[in-house]
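# Architecture at a glance
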Amino acid sequence: MCMSRLGWPVTTGQVERGHCMRRDNNYQRPDEKTTSSAKQYTILDCLGWAARDASGYLSPYKFGRRHEIVGVVKEGAVGTFNYVDVDGTITKGGYSSYVVVHQRYCFMIPKDYPSALAAPLLCAGITVYSPMIRRKMNQPGKSLGVIGLGGLGHLAVKFGKAFGLNVIVFSTSTSKKEEALTKLGADKFVISSDQQQMMALANSLDFIIDTASGDHPFDPYMSLLKTSGTLVLVGAPSEIKLSPMGLLRGMKSISGSASGGTKETQEMLNFCAARKIYPEIEVIPIQNINEAFERLIKRDVKYRFVIDIDNSLK
Ligand SMILES: NC(=O)c1ccc[n+]([C@@H]2O[C@H](COP(=O)([O-])OP(=O)(O)OC[C@H]3O[C@@H](n4cnc5c(N)ncnc54)[C@H](OP(=O)(O)O)[C@@H]3O)[C@@H](O)[C@H]2O)c1
């Protein structure tokens with residue numbers, strides 16, 4: 001359940017995956033010359049769908065039953081749940097037996113990729129993969145700092161290692177050290193409050209991806225970047241404060257990124273399948289959701305809960 005800006009109660013469910021039941025072959029996107037170019041899905045294909053299409057196009061397709069349609073339109077984004085859609089209906093999220101999704105927002109989950117593991121890729125995965133690719137953080141031998149080891153951060157570490165980078169995790173939790181180094185394969189683990197460890201890394205990083213959800217200082221991290229280094233913010237603290245000198249000296253950059261486009265989402269899914277990159281998850285039935293929320297507050301999850309709606313609602 002969710003506190004709502006429009007009305008509540010509302011069942012959320014921002015990122016879903018499931019099996020394709022039906023595809024309307026008569027639909028033609030304005031940018032498609034003929035319908036024959038459209039991909040044909042079969043009932044056995046496993047599809048995922050996620051929050052955004054950064055291409056700026058939202059389908060005018062009319063649905064008989066509207067659970068959710070998402071996209072980024074020129075006037076602003078339409079969220080997957082509890083947003084007013086372009087036709088005035090309220091989007092309802094994805095915790096249901098069936099959901100109607102336009103093909104444009106569906107992705108093919110590669111064959112043999114476990115579908116529960118695919119779910120976190122459609123938000124956490126693409127949110128870190130997209131800026132890493134866009135900012136060229138995939139050049140082997142370069143150094144990457146990952147701030148915050150949670151749902152997003154642990155995938156940034158896995159992508160970083162798959163790209164051949166030297167990956168340093170900056171964390172507030174000593175308890176995550178062992179797992180970061182052994183299970184996730186990070187090269188170094190630094191407690192961000194340890195000034196000595198931080199100073200030892202001054203001017204050493206090509207990139208930083210900042211996934212921390214809470215407020216934290218930025219200047220200490222800017223000083224770790226090499227000349228022309230970039231920090232990409234994907235976490236959502238309440239504010240960003242940094243000294244101008246931290247940017248000016250060394251021509252450093254800071255930028256933000258949200259989710260990713262449909263093309264790169266499919267690319268990321270294929271990359272994960274090819275390189276056997278799997279998120280760390282815990283699958284729960286919907287009946288355990290309150291316990292899961294309590295554990296989230298205590299930061300007791302490694303690293304994503306995935307709700308098995310299909311089996312929960314039987
Ligand atoms: N840009 C987007 O499109 C997008 C998409 C999804 C999520 N997000 C945002 O990204 C952030 C991370 O999401 P998530 O799902 O990965 O959350 P998460 O699993 O809770 O992980 C966040 C991590 O941030 C670190 N952290 C928390 N408070 C901190 C603080 N005050 N100072 C420094 N580090 C702190 C913790 O790591 P350590 O214990 O290792 O310090 C925590 O595990 C959230 O703000 C979320 O809203 C953005």
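Definitions and limits used
Residues numbered from 1 in each chain as written. Predicted model: local features only at pLDDT ≥ 70, side-chain atom pairs only at ≥ 80, totals over all residues. Helix = DSSP H or I, 4+ residues; strand = E, 2+ residues; numbered from the N terminus. pLDDT = per-residue confidence, 0-100. Contact = placed C-beta atoms within 7 Å. Core = buried A, V, L, I, M, F, W, Y, C linked by C-beta atoms within 7 Å. Buried ≥ 20, exposed ≤ 12 C-beta atoms within 10 Å, placed from the backbone. Near = placed C-beta within 6 Å. Axes fitted to C-alpha atoms, helices over the stretch in contact; angles between N-to-C directions. Parallel < 35°, antiparallel > 145°, perpendicular 65-115°, else oblique. Left-handed = near helix turned anticlockwise from the far one by under 90°. Nonpolar A, V, L, I, M, F, W, Y, C, P; charged D, E, K, R; others polar. Pairing = 2+ DSSP bridges.

Another aspect to go through is unusual backbone geometry. Residues Lys302 and Tyr303 are joined by a peptide bond in cis, for which omega reads -15 degrees. Its place among the elements puts Tyr303 in the loop between α8 (289-297) and β15 (304-307). Of note, Met251 is a non-glycine position whose phi angle comes to about 50 degrees, a positive value. Even without a glycine there, the phi angle at Arg299 is positive, about 60 degrees. Position of Arg299 among the secondary structure elements: in the loop between α8 and β15.

Here we come to the confidence of the model for the protein chain. Predicted confidence across the protein chain gives a mean pLDDT of 81, with 72% of residues reaching 70 or more. Every residue in residues 25-38 is under pLDDT 50, and counting partners more than four places away or in other chains gives 8 contacts. Below pLDDT 50 for its whole length, residues 50-74 participates in 71 contacts with residues either more than four positions away or in separate chains.

This next bit is on the nonpolar core. In terms of nonpolar packing, the biggest core is built from 55 residues, with Val128, Val146, Val169, Ile208 and Ile209 touching the most fellow members. No other element matches helix α1 (residues 115-134), which puts 11 residues into this core. Beyond its immediate chain neighbours, meaning those up to four positions away, Ile209 contacts Val128, Pro131, Met132, Leu144, Val146, Ala156, Val232 and Val234.

Attention now goes to α8. The α-helix advances 3.6 residues per turn, and as a result positions three or four apart in sequence lie on the same side. Where burial is concerned, little of α8 is hidden: 0 out of the 9 residues are buried. Of the residues one or two after α8, Arg299 is the one with positive phi, at around 60 degrees.

The next subject is the site of the ligand. Taken together, 27 residues form the shell around the ligand, and within it Gly148, Gly150, Gly151, Ser171 and Gly214 come nearest. Mapped onto the shell around the ligand, the elements with two or more residues apiece are α1 and α2 (151-162).

With their axes 9 Å apart at the nearest point, α1 and α2 run at an angle of 55 degrees to one another. Overall, the two elements α1 and α2 adopt an arrangement that is oblique. Handedness of the α1/α2 crossing: right-handed. Note on element contacts: α2 touches α1 through Gly151, Leu152, Leu155, Ala156 and Phe159, opposite Pro120, Ala124, Gly125, Thr127, Val128, Tyr129 and Met132. In terms of residue class, the contact of α1 with α2 is made up of 9 nonpolar, 3 polar and no charged.

Moving on, we come to the sheet that holds strand β9 (residues 166-171). Strand order in the open sheet formed by 6 strands is β10-β9-β8-β11-β12-β13, and the pairing between neighbours is parallel. What marks the edges here is a single partner per strand, and that holds for β10 (188-191) and β13 (253-256). Sheet twist, expressed as the mean angle between neighbouring strand axes with direction ignored, is 20 degrees. Bridging between β9 and β10 involves 4 bridges; their strand directions are parallel. Among the inter-strand pairings, Phe170 is bridged to a residue of β10, identified as Val190. Against the sheet, α2 engages β8 (143-147), β9 and β11 (205-210), with an angle of about 170 degrees to β8.

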